[in-house]
Protein chains: 2
Amino acid sequence: MGFAETFKALSDPVRREILQLLKQRRMSAGEIASNFEMTGATISYHLSVLKKAELVFESREGTFIYYELNTSVLEDLMVWLSDLKGVPSYEQTEN
Amino acid sequence: MGFAETFKALSDPVRREILQLLKQRRMSAGEIASNFEMTGATISYHLSVLKKAELVFESREGTFIYYELNTSVLEDLMVWLSDLKGVPSYEQTEN
DNA sequence: TTCTTATTTAGAAAATTATCTAAATAAAGA
DNA sequence: TCTTTATTTAGATAATTTTCTAAATAAGAA
């Protein structure tokens, strides 16, 4: 899976904003790019980082490539964070 | 607060392992360092990154500096992730 | 097949990060 | 005050990241 890749992917503000966009609905690469003041090539790079981290998946339709949020990795992160936090009244059964 | 800083801090495997160590109990910088095959200076750098991200706080005791996990930021991350994930049966009231 | 549109890939430059060694600081003890 | 121990800071270097421009690929339309 790779927490390093996932956290690194989430550490960039542009990539977090992309994910927020995809929260609403899937979007083509171009539509995503139109929300930023950067070249399409740069957005394509960011999408590849998100894809490698399995935070999004893509599906081609004709000349368009659509990107969609993949929430399953988010679950894994939340489990990791929750475990680090200590799960107060459940894991520590001596209370 | 700064999600960028926090996610970036969590993206490094050494820093994640430090947090896992601190999950059990607070530790001095030297004790933390003894768990890794790196110089104390490097661990000190990683601790400063974690501190800037507010994932740990420190308290000096004599010549020792103790580091302790700060869980409050973890909560914020979990809220952000949970919101991205979509909070299925609560936020979308039309179900 | 040639053109157009959507997107990615390649290559380069600037910025950031992780690591080291050596030096500096901070506190306590002799 | 001098020494020792714990830790950080400074400066350097190698690796990685983010961004650009220009070129390449992929698919459909004329």
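## Structural notes on the overall build of chain A
Along its length, chain A carries six helices and three strands. Moving toward the C terminus, one meets the helices and strands of chain A in the order α-α-β-α-α-β-β-α-α. Reported as C-alpha extents along the three principal axes, the dimensions of chain A are approximately 60 × 25 × 20 Å. Among the 95 residues that make up chain A, the fraction classed as buried is 39%.

## Observations concerning the packing of aromatic side chains
Enumeration over the complete set of coordinates arrives at nine aromatic pairs over all chains. Taking the centre distance of 5.7 Å and the plane angle of 65 degrees together, the rings of F7 of chain A and W80 of chain A count as edge-to-face. Of this pair, F7 of chain A sits in helix α1 (residues 3-10) while W80 of chain A sits in helix α5 (residues 72-85), and the two are 73 residues apart along the sequence. The exposure class assigned to F7 of chain A is buried, which follows from its relative accessible area of 0%. Between F3 of chain B and W80 of chain B, the aromatic rings sit 5.8 Å apart at their centres with planes inclined by 40 degrees, giving tilted as the arrangement. On the criterion of sequence distance, the pair formed by F3 of chain B in helix α1 (residues 3-10) and W80 of chain B in helix α5 (residues 72-85) is long-range, its members being 77 residues apart. Residue classification places F3 of chain B among the partly exposed residues on the basis of a relative accessible area of 23%.

What counts, and at which threshold
- Residues numbered from 1 in each chain as written.
- Chains lettered and ligands numbered in written order.
- Predicted model: local features only at pLDDT ≥ 70, side-chain atom pairs only at ≥ 80, totals over all residues.
- Heavy atoms only, no water.
- Helix = DSSP H or I, 4+ residues; strand = E, 2+ residues; numbered from the N terminus.
- Buried < 20%, exposed > 50% of the residue type's maximum accessible area, 1.4 Å probe, protein only.
- Phe/Tyr/Trp six-rings, centres within 6.5 Å; stacked < 30°, edge-to-face > 60°.

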